[in-house]
Each structure stands twice: as structure tokens, then as C-alpha cells.
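Single-letter residue listing:
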Amino acid sequence: MARQRSIFSIILVLLATFLISCGGPGVASAPPTYTADQIAQIQEYVPEVQTVRDRAAELKNLIEKNEWIKVGNFIHGPMAEARLTMTYITPHLLPKDQTTARQITKDLLTHLVKVDQAASNGNSLVALSNYKAAFTDVDKFLQLLPEGSKQADS
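Cut-offs applied
Residues numbered from 1 in each chain as written. Predicted model: local features only at pLDDT ≥ 70, side-chain atom pairs only at ≥ 80, totals over all residues. Heavy atoms only, no water. Helix = DSSP H or I, 4+ residues; strand = E, 2+ residues; numbered from the N terminus. Buried < 20%, exposed > 50% of the residue type's maximum accessible area, 1.4 Å probe, protein only. Contact = heavy atoms within 4.5 Å. Areas by Shrake-Rupley, 256 points an atom, 1.4 Å probe, with all protein chains shown as cover. pLDDT = per-residue confidence, 0-100. Core = buried A, V, L, I, M, F, W, Y, C linked by side-chain atoms within 4.5 Å. Patch = residues over 30% accessible without salt bridge, like charges linked within 9 Å, V, L, I, M, F, W, Y side chains within 5 Å. Salt bridge = Lys/Arg side-chain N within 4 Å of Asp/Glu carboxyl O. Axes fitted to C-alpha atoms, helices over the stretch in contact; angles between N-to-C directions. Parallel < 35°, antiparallel > 145°, perpendicular 65-115°, else oblique. Left-handed = near helix turned anticlockwise from the far one by under 90°.

### Quick look at the overall build of the protein chain
- On a plain count of helices and strands, the protein chain comes out with seven helices and zero strands.
- Put simply, the protein chain runs from its N terminus to its C terminus through helices and strands in the order α-α-α-α-α-α-α.
- Split into buried and exposed, the 154 residues of the protein chain put 31% on the buried side.
- By sequence separation, contacts in the protein chain at least 24 residues apart represent 74% of the contacts at least 6 residues apart.
- Carbon and sulfur atoms make up 58% of the accessible area of the protein chain, which amounts to about 9,700 Å² in all.

Next up, the structure:
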């Protein structure tokens, strides 16, 4: 019986030692940040999105003047390019921002389709409201970008 106690004591000591060694203080991991390569990739594409953003008044004027062919050209030209560029930027964002960026890009497409449909129907009210929503989406996307990528653009 004494022999069983000593073996049992040794097993408990080994188990306690193992558990203590595994249960050390947790190492705090740093929050994810952008690497220089990611910022460089983003900086490459930001000017294209910003240029389209700066042309928002141009689309509004076309809608107000009921120049529907030019509205369609703007939607399918510069705005489609901006949306494509946004999809190129998304994989270079932090993982937590990628989901939001994808949703914003989908919302932008939805609003562009509605502007295009309104242009086909000659409905300036629907076109104007979706134009505003589309550029709100672009602004939201630009806010997701790291500061270093925006400074190079300014």
C-alpha cells in the first residue's frame, strides 16, 4: 500500500509539473497591422478610385440634364473601373476589413445597376438617389483604407 502511495504521489507531481508548464502566462499578440508591401499595393490602386470619387459632380450633372446615354457611359466606364479596382484592393486589406469591403463593393454594384436602370427608364429621381448611395459606398470604402495609402494620393 505504501508503494502505491509513492507511485501515486510521483504521478501527481509529474501531472502538476506538466500542467503548470503548459499554463504559463499568455503572450499578448499585437493587433494586425499593414505591411509596407500591403500599403504599396493599396497605394497603387487608390488614385483610380479617388479620381472617380472626385468626378461625382459630373455624374450628377449628367443625370440632372437627362443625358442618359452619357450617364450609361459613365456607369459602365469610370464607375465600373472604380468598382473593379476596389475588388483588387480588398485582398490587401486587414482580414477584419475585407468582409466589409466586399459588402461595400456589392452595394456599389447594386446602386450602379439601379442608376443604369433608372437611366434606361428616364427616371431622374431614382437615378439621383442611387447616385448618392453609390458615392456614399465609395466614401465608405475609402475610409477603410490605411492612412499611409491615402497620404500618397493627396
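### Considerations on the confidence of the model for the protein chain
- For the protein chain, the average pLDDT comes to 87, and 88% of its residues sit at 70 or higher.
- Element-level mean pLDDT values for the protein chain span from 65 in helix H7 (residues 147-151) up to 95 in helix H6 (residues 124-144).

### Topic: the nonpolar core
- If you look at the biggest cluster of nonpolar residues, it comprises 37 residues, and the most contacted ones within it are Ile-63, Val-71 and Ile-89.
- Mapped by element, the contributors of at least two residues to this core are helix H2 (36-54), helix H3 (56-64), helix H4 (68-89), helix H5 (95-121) and H6.
- Residue contacts for Val-71: discarding those within four places in its chain leaves Leu-59, Leu-62, Ile-63, Val-115 and Ala-119.

### Considering a nonpolar patch on the surface
- Among the surface-exposed residues, Phe-8, Leu-12, Leu-15, Phe-18 and Leu-19 lie close enough to one another that they form a single nonpolar patch of about 520 Å² accessible area.
- Structurally, Phe-18 can be placed in helix H1 (residues 2-22).

### Overview of the environment of Arg-53
- Topologically, Arg-53 is positioned in helix H2.
- In this structure the C-alpha to C-alpha distance between Arg-53 and Met-79, which are 26 residues apart in sequence, comes to 8.9 Å.
- Discounting chain neighbours no more than four positions away, the residues touching Arg-53 are Phe-135, Val-138, Asp-139 and Leu-142.

### Looking at the packing of H5 against H6
- As a packed pair, H5 and H6 sit with axes 8 Å apart at the nearest point and diverge in direction by 160 degrees. For the element pair H5 / H6, the angle class is roughly antiparallel. As for how H5 packs across H6, the hand of that crossing is left-handed. Contacts between H5 and H6 involve Asp-97, Thr-100, Ala-101, Ile-104, Thr-105, Asp-107, Leu-108, His-111, Leu-112, Lys-114, Val-115 and Ala-118 from the first element and Val-126, Ala-127, Asn-130, Tyr-131, Ala-133, Ala-134, Asp-137, Val-138, Lys-140, Phe-141 and Leu-144 from the second.

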